[in-house]
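For reference, the chains in residue letters:
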Amino acid sequence: MSPRYLKITHVFFILCMLYRHRIAAKENDPRRTFFGTGFLKSGPYGVDPMGEIDFKFRTTSSNGILVIAIDDDDPSRFQAMQLSDGHVVYSYNMGHGHRRLSSSKLYDTGDEVTIQKKATDLRGVVELLADRKPFYPGKRPKFVNAEFVYWGGIENKTTIPVNVTKRFFKGCLSRLRLSTGDIKFESSPAGYIQGCYVKPAHNVTFLEDDSPSTKHGLIFLEAHSEEKDFIALGIINGKVTVKANAGNVPLTLQTVKKYNDDKWHFVSVNKDGTRVDLYVDSEKHTGNIDKMQQLIQTTEDMYLGGVPPLYMDKIRNRDFESVILNSLKGGSIKDLTFCGI
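Residues numbered from 1 in each chain as written. Predicted model: local features only at pLDDT ≥ 70, side-chain atom pairs only at ≥ 80, totals over all residues. Heavy atoms only, no water.

Per an unreviewed UniProt entry, the chain carries the name Laminin subunit alpha-1 and comes from Desmophyllum pertusum.

Asker: Could you clarify how one ought to interpret a negative patch on the surface in this entry?
Answerer: A cluster of acidic side chains, namely Asp72, Asp73, Glu147 and Glu186, defines a negative patch on the protein surface. Summarising the element assignment, Glu186 is placed in strand β14 (residues 185-186). (Patch = residues over 30% accessible without salt bridge, like charges linked within 9 Å, V, L, I, M, F, W, Y side chains within 5 Å. Areas by Shrake-Rupley, 256 points an atom, 1.4 Å probe, with all protein chains shown as cover. Salt bridge = Lys/Arg side-chain N within 4 Å of Asp/Glu carboxyl O. Lys, Arg positive; Asp, Glu negative; His and termini not counted. Charge placed at Lys NZ, Arg CZ, Asp CG, Glu CD. Helix = DSSP H or I, 4+ residues; strand = E, 2+ residues; numbered from the N terminus.)

Asker: In this structure, what is going on with the environment of Thr165? I would like to understand it.
Answerer: Residue placement: Thr165 occurs in the loop between β12 (149-151) and β13 (170-178). For the pair Thr165 and Met81, spaced 84 residues apart in sequence, the C-alpha separation works out to 9.9 Å. Discounting chain neighbours no more than four positions away, the residues touching Thr165 are Gly64, Ile65, Gln82, Leu83 and Ile160. Here Arg167 takes part through its backbone nitrogen, which lies 3.1 Å from a polar atom of the side chain of Thr165. (Contact = heavy atoms within 4.5 Å. Polar contact = N/O pair within 3.5 Å; in protein donor to acceptor, adjacent residues only side chain to side chain.)

Asker: Any chance you could explain the environment of Lys166 here in plain terms?
Answerer: Among the secondary structure elements, Lys166 is positioned in the loop between β12 and β13. For the pair Lys166 and Gly153, spaced 13 residues apart in sequence, the C-alpha separation works out to 8.3 Å. Sequence-distant contacts of Lys166, that is, excluding residues within four places in its chain, are made with Lys157, Ile160 and Pro161.

Asker: Any chance you could explain the environment of Val280 here in plain terms?
Answerer: Mapped onto the fold, Val280 is located in strand β22 (residues 275-280). Residue classification places Val280 among the buried residues on the basis of a relative accessible area of 1%. The spacing of Val280 and Gly36 is 244 residues in sequence and 9.9 Å in space, taken between C-alpha atoms. Residues in contact with Val280, not counting those within four places in the same chain, are Val240, Thr255, Tyr259, His265, Phe266 and Val267. (Buried < 20%, exposed > 50% of the residue type's maximum accessible area, 1.4 Å probe, protein only.)

Asker: Would you mind going over the sheet that holds strand β5 (residues 64-70) with me for this structure?
Answerer: Each strand in a sheet pairs with another by means of backbone hydrogen bonds, the pair being arranged parallel or else antiparallel. As summarised here, the arrangement of the seven strands in space is β8-β7-β6-β5-β12-β3-β14, forming an open sheet in which the pairing is antiparallel. Of all strands in the sheet, those bounded by a partner on one side alone are β8 (98-102) and β14. (Pairing = 2+ DSSP bridges.)

Asker: Where do I start with the side chain of Asp54 in this structure?
Answerer: With respect to the secondary-structure elements, Asp54 resides in strand β4 (residues 53-58). Using a relative accessible area of 15% as the deciding quantity, one classes Asp54 as buried. Looking at Asp54, its side chain comes within polar contact range of the side chain of Arg175, at 2.3 Å. With residues up to four places along the chain from it excluded, the contact list for Asp54 reads Thr114, Ile115, Gln116, Arg175, Leu176 and Arg177.

Asker: Just to check I follow, could you spell out the pattern of salt bridges for this structure?
Answerer: As a working rule, side chains carrying opposite charge can pair if their charged atoms are close by. Tallying each qualifying case throughout the model produces six salt bridges. Arg175 is the partner of Asp54 in a salt bridge, and the nearest nitrogen-oxygen pair spans 2.3 Å. Taken together, the residues Asp54 in strand β4 and Arg175 in strand β13 connect sequence positions 121 residues apart. You can call Arg175 partly exposed: its relative accessible area is 26%. Note that Arg77 and Asp71 form a salt bridge whose closest N and O atoms lie 3.0 Å from each other. Asp71 shares its class with Arg77; the two are buried. Connected through shared salt-bridge partners, Asp71, Asp74 and Arg77 make up one network.

Asker: Please explain the pairing of strand β2 (residues 32-35) as it appears in this structure.
Answerer: Side chains on a regular strand alternate between the two faces of the sheet. Alternating residues of β2 divide into Arg32 and Phe34 and Thr33 and Phe35, and every residue in both groups is buried. Of the strand pairs in this sheet, β2 and β13 are connected by four bridges, and their pairing is antiparallel. Residue pairing for β13: Phe34 is matched across the bridge by Gly171. Here β2 pairs with strand β15 (residues 192-194) via three bridges, running antiparallel.

Shown next, in the form of structure tokens:
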């Protein structure tokens, strides 16, 4: 866990609720929000496409690939920019071994950051990482000749160099430019949407109890006072659990792993029509709500971390598993985002 967060708790979560039917991003919006599962592939190129790089990003996630190119003939040669524990890192091997430059400041605050790599320097928006510094003193670097450049992740994880994170980017990328000029994108898998929905980071911490870890507890809840509609996200026996009902048959999605482990975790719940996806870090689960009633209508207040006393007496719904409504004692929620709202 990064030392800049106050260690109060045994369970940490990042929550992003994405109601895609409400998103009104324009098709030509150049900004893209990634969820740690997708990437963009640009090309084809020829000689050294990452000779110059110019782009912007915004994230509250501390690790992930920003952009990477791997030589087509010699996969040991590469250039990459990544986030490592909140620091921007330029990492490369251009024929004479691995080297890296790291920012001294942290850039996972949710604020927009501009990155410019030129032939003579490497700049962040407020920080100069290198100025006319040679790649290898006294040695001529070899070009990284790559047909494709990848943004936010990569097509084949097995090709990622050992010196580069395996985590995909979570956040916004925009104004993507290379020394070759305009970027042309190949078709890429899902895992991002157009528009930017990352906000500056905030943190809410719930007081710790006497237990060594939080087994059960509520992260998020919205419900209907008269009907059965609701959506709830919480922890049951340490496993991240989503329960939802559009008015007929309740849906439950639950992780295999337990996440009450004293670490931050990225949680994303995506609803697209009848389909509901639950992502927790690299774990994914998918289910479907009732086809006849696709919309989850809610009238009650939103609750985070628990519900008031006698809450169940106020609502008609009885599909909640009671332990998911427990207070989230010893846990934190940060970067709660409703995309498109």
